[in-house]
Amino acid sequence: MRPAWLDAGWAVFSAVNVAAIFVFPIWATIPIHVAWICVTLMYGFRTWSPLPAAWVIGVVTVTTATDIGVDIARRAEPTEVPLMAAIFLAIIWHARRKVAAEQKSSLVSEENARLLATQRRFLQDASHQLRTPITIALGHAELLARGLTGSQEGHDIQVILGELSRLRRIAERLLVIAAAEDPEFLHPEPVSLDSFTVEILRRWRPTANRRWQLGRLDQVTAQADKERLGLAIDALLENAVRHTGDGDVIKLSVLAAGTGPVRMIVSDAGQGIPDDQLQHIFDRFRSGDSGHPRGTGLGLALVRAVARAHGGEVLVRSHPGQGSEFELLLAPAAPAFPAAMTAGVPGTAGSGGKLARTSTG
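Since this is a predicted model, take the numbers as computed values, not measurements.

**Q** Describe the overall build of the chain, with residues and values.
**A** On a plain count of helices and strands, the chain comes out with nine helices and eight strands. Residues counted as buried form 39% of the 361 residues belonging to the chain. Counting contacts in the chain only where the partners sit at least 6 residues apart, residues at least 24 apart contribute 74% of the total. Split by element, the accessible area of the chain, about 20,000 Å² in all, is 61% carbon and sulfur.

Here it is, written out as structure tokens:
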């Protein structure tokens, strides 16, 4: 129905009610009550702008006041109809405040969306532009490192290599985080998470002198982007290495429970996370390091971006001095077979989730 038809229908109905008080005096002020109720309902469905609202109120007030005057002259008794006009004015005031608040909220939402889109574009552009010069500089620095024999020069070039590598990781992670909300960000495929976890452990074992362990590995397949998921697990393991010492345990597990989410767990026996940092641990550039090699402050933000892109989430449990446990939640793509372990792999847990063998890197 067109709005003009609704207005015309209300006008005709109100005119009929105004005329009814003269035609049917026995109805008293009932028609005027009906007219005001009708205009109130109309305003609830269509919040007029101030000028049309003022005209409507003026016409209805003058018309009903005339009817009220006639009715009082006839009956010589008071009427409560003026109170209805006051109630309607209060409704108009509240409705206008609501409209103003909605308009302001809409403007703020549009501005926030524009700022977020601008931020994502900036991160993507900056990351793309940084990667090439960083890679070139890193390649030249590596060539220089091969030709330097002095201890001081060798130390200096290693510092340069370390900082350039760190800049490259920052650029790559910024690019992933910025692209996480892009519909083309993921290229999902069936991923056997137990085998995937074993491969990751084999790749990480030589990188640090830790007690690398495989916990319980349920045979479960998830529809996931293997490359992006690998980046997320790598970031969790990098975080675990940075906050543990030689000989500390770092354990990977895959748990599936019925139709619920699959839990990929990375736990460590490191220093843990202070309680006041837990709520900010996934924020960008919040590394929370203390006395350890610097991180980029983007690893855990990348993990959260990848998890949410898959429709999942990442959770953390930690206590100072008692280590940390990160859970990456994913939706299963196939029925899970709980408690089935990967055989013949060093560090794989036996039945019941107990550790069968421990591997030290």
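**Q** Residue-level account of helix 6 (residues 193-204), with values.
**A** An ideal rise of 1.5 Å per residue puts 16 Å on twelve residues; helix 6 measures up with 16 Å between its terminal C-alpha atoms. For helix 6, every residue scored as buried is listed here: Leu193, Asp194, Phe196, Thr197, Val198, Ile200, Leu201 and Trp204.

**Q** Explain the packing of aromatic side chains to me, and be specific about the residues and the numbers.
**A** Taken as a whole, this structure holds two aromatic pairs when the rule is applied. Note on Trp204 and Trp212: the rings are 6.3 Å apart at their centroids and 45° apart in plane angle, and the pair reads as tilted. The same class applies to Trp204 and to Trp212, which are both buried.

**Q** Any chance you could break down the confidence of the model for the chain for me, citing the residues and the numbers?
**A** This prediction gives the chain a mean pLDDT of 76; 72% of its residues lie at or above 70. Within the model, the stretch residues 336-361 combines pLDDT values under 50 with 63 contacts to residues more than four positions away or in other chains.

**Q** Go over the packing of helix 7 (residues 226-242) against helix 9 (residues 299-309) with me, naming the residues and quoting the values.
**A** Axis separation between helix 7 and helix 9 bottoms out at 9 Å; the angle between their running directions is 145°. Between helix 7 and helix 9 lies a crossing of left-handed hand. Facing Arg228, Leu229, Leu231, Ala232, Ala235, Leu236 and Asn239 of helix 7, the residues of helix 9 in contact are Gly299, Leu300, Leu302, Val303 and Val306. Counted by class, the contact of helix 7 with helix 9 contains nine nonpolar, two polar and one charged residues.

**Q** Describe the pairing of strand 7 (residues 324-330), with residues and values.
**A** Among the seven residues of strand 7, six are classified as buried, and the element is accordingly described as predominantly covered. By the bridge criterion, six bridges tie strand 6 (residues 313-318) to strand 7 in an arrangement that is antiparallel. Among the inter-strand pairings, Val314 is bridged to a residue of strand 7, identified as Leu328. With antiparallel pairing between neighbouring strands as the criterion, strand 6 and strand 7 make up a hairpin whose turn holds five residues, including Gly321 at a positive phi of roughly 80°.

**Q** How would you explain the nonpolar core if you had to name every residue and give the values?
**A** Counting 52 residues, the largest nonpolar core has Leu193, Ile233, Leu237, Met264 and Leu328 as the members making the most contacts within it. Counting residues per element, this core draws most heavily on helix 7, which supplies eight residues. With near-sequence residues (within four places) excluded, Leu237 lies in contact with Ile200, Trp204, Trp212, Ile250, Leu252 and Val266. Judged by nonpolar contacts, the second largest core, of six residues, contains Ala145, Ile157, Leu161 and Leu164.

**Q** How would you sum up the pattern of salt bridges? Please name residues and give values.
**A** This model, assessed by the stated rule, comprises ten salt bridges. In this structure, Glu327 engages Arg263 in a salt bridge whose closest nitrogen and oxygen atoms are separated by 2.9 Å. Of the two residues, Glu327 sits in strand 7 while Arg263 sits in strand 5 (residues 262-268), which places them 64 residues apart along the sequence. Across the pair Arg308 and Glu313 runs a salt bridge, and its minimum N-O distance is 3.1 Å. Because the salt bridges share partners, they merge into one network encompassing Arg263, Arg317, Glu325 and Glu327.

Criteria and cut-off values
One numbering rule holds for all chains: residues counted from 1, following each sequence as written. Per-residue local features of the predicted model are confined to residues with pLDDT of at least 70, and side-chain atom pairs are confined, for both listing and counting, to 80 or more; whole-chain, interface and lining totals are unaffected and use all residues. Processing note: side-chain calculations cover all non-hydrogen atoms of the structure and skip hydrogens and water entirely. A run of H or I in DSSP counts as a helix once it spans at least four residues, and a run of E counts as a strand once it spans at least two, with each numbered from the N terminus. Each residue is assigned to one of three classes by its accessible area relative to the maximum for its type, calculated with a 1.4 Å probe on protein chains only: buried under 20%, partly exposed between the two thresholds, exposed over 50%. Here, two residues are considered to be in contact whenever any of their heavy atoms come within 4.5 Å of each other. Residue burial considers only the protein chains on display, and all accessible areas are found by Shrake-Rupley using a 1.4 Å probe. In this analysis, the expected span of each helix is defined as 1.5 Å times one less than the number of residues it contains. Any two rings among Phe, Tyr and Trp, with Trp reduced to its six-membered ring, count as a pair given centres within 6.5 Å; such a pair is stacked if its planes are under 30 degrees apart, edge-to-face if over 60, and tilted if neither. A residue's pLDDT is the predictor's confidence in that residue, given on a scale from 0 to 100. Axis definition: a line fitted to C-alpha atoms, limited for helices to the stretch in contact. Angles are taken between N-to-C directions and run from 0 to 180 degrees. A clockwise turn of the near helix away from the far one marks a right-handed crossing, whereas an anticlockwise turn of less than a right angle marks a left-handed crossing. Each residue gets one of three labels, nonpolar for Ala, Val, Leu, Ile, Met, Phe, Trp, Tyr, Cys and Pro, charged for Asp, Glu, Lys and Arg, and polar for the others, Gly among them. Strands pair, by our definition, only if DSSP identifies at least two bridges between them. We call a set of buried residues a nonpolar core when its members are Ala, Val, Leu, Ile, Met, Phe, Trp, Tyr or Cys and they connect through side-chain atoms within 4.5 Å of each other. Salt bridges, as used here, are contacts in which a Lys or Arg side-chain nitrogen is within 4 Å of a carboxyl oxygen on Asp or Glu.

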